[in-house]
Structure formats: C-alpha cells, structure tokens
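# Structural characterization, general
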Amino acid sequence: MSIQAYILIQTEVGKASSVANAIKSIPGVSLAEGVTGPYDVIMRAESPSMEDFGRAILSKVQAVPGITRTLTCPVTN
C-alpha cells in the first residue's frame, strides 16, 4: 500500500513561486501550487512506504531554499 500526503508549506516572503517550481521536480510529487492563506504552497506526493516518503520526498522538500515551515497531512483513505 502506498503512502499519500499533502504537505502545506510556509515560505519566505516572495519565494512561493520558486519553491513550488523546485518541488515539482522532486520524484513522487504529483502537485505543487501556490495558494493564499496561512500557507504559501500546497503539494501532494506519493511513495511506496512511510520510510521512503520521509527519505525520498520529505528530506528533499525540506532542503528547498526559501521554506520556513512544513506540515505533513497523510491521506487516510
């Protein structure tokens, strides 16, 4: 069973577009878009396991310049 999650991202001022574009190139990411509200970018990603999700996706997302905070929301269905 694969793991799917939305990740809500806060960025430095003016960095939402560059962060979304950088995240789109990470394997396993199916969506990365700028949004308005308390978060600046929302993304959706999928991986074969939670361990792979953390190692292959989350670690790469958190290394993108301009990100100040993330909130991971696993899909439950």
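Quick caveat: nothing in here was measured; it's all calculated off a predicted structure.

## Let's talk about the environment of Ser 18
- Mapped onto the elements of the fold, Ser 18 is located in helix H1 (residues 16-24).
- Expressed as a C-alpha distance, the spacing of Ser 18 and Gly 54, which sit 36 residues apart in the sequence, is 22 Å.

## Regarding the environment of Pro 48
- By secondary structure assignment, the location of Pro 48 is in the loop between strand S3 (41-47) and helix H2 (50-62).
- Separated by 32 residues in the primary sequence, Pro 48 and Ala 16 have C-alpha atoms spaced 28 Å apart.
- Residues contacting Pro 48, with those up to four places away along its chain left out, are Met 1, Ser 2 and Ile 3.

## Describing the sheet that holds S3
- Strands sit in the order S2-S3-S1-S4 across an open sheet of four strands; the sheet is antiparallel. The sheet is open, and its two borders are formed by strand S2 (29-34) and strand S4 (67-74), each paired with just one other strand. With strand direction ignored, the average angle separating the axes of adjacent strands in the sheet is 20 degrees.
- Sheet strands touched by H1: strand S1 (3-11), S2, S3 and S4. Its angle to S2, the strand with the most contacts, is close to 175 degrees.
- Those strands touched by H2 are S1, S2, S3 and S4, and its axis lies near 150 degrees from that of S3.

## Things to note about the pairing of S3
- Only one face of S3 is covered, namely the one carrying Val 41, Met 43, Ala 45 and Ser 47; the face carrying Ile 42, Arg 44 and Glu 46 has none of its residues buried.
- When S1 meets S3, the two strands line up antiparallel, connected through seven bridges. Paired with Ala 5 across the two strands is Ala 45, which belongs to S3.
- Sheet analysis places S2 next to S3, joined by five bridges and oriented antiparallel. The partner of Glu 33 across the bridge, within S3, is Ile 42.
- What sits between S2 and S3 in their antiparallel hairpin is a turn of six residues, with Gly 37 showing a positive phi close to 120 degrees.

Calculation criteria
- Numbering of residues starts from 1 in each chain and follows the order in which that chain's sequence is written.
- Since the coordinates come from a predicted model, pLDDT governs what is reported: local features require at least 70, and pairs of side-chain atoms require 80 or more to be given and counted, while whole-chain, interface and lining totals use all residues.
- Side-chain calculation: all heavy atoms of the structure are included, whereas hydrogens and water are not.
- To qualify as a helix, a DSSP run of H or I must reach at least 4 residues; to qualify as a strand, a run of E must reach at least 2; elements of each kind are numbered from the N terminus.
- Should any heavy atoms of two residues lie within 4.5 Å, those residues are counted as being in contact.
- For two strands to be treated as a pair, DSSP must find no fewer than two bridges joining them.
- Structural elements are reduced to axes, namely lines fitted to C-alpha atoms, with helices fitted over the stretch in contact, and the angle between N-to-C directions of any two is expressed from 0 to 180 degrees.
- Residue burial is assigned from relative accessible area. The probe radius is 1.4 Å, only protein chains are included, and a residue is buried under 20% of its type maximum, exposed over 50%, and partly exposed in between.

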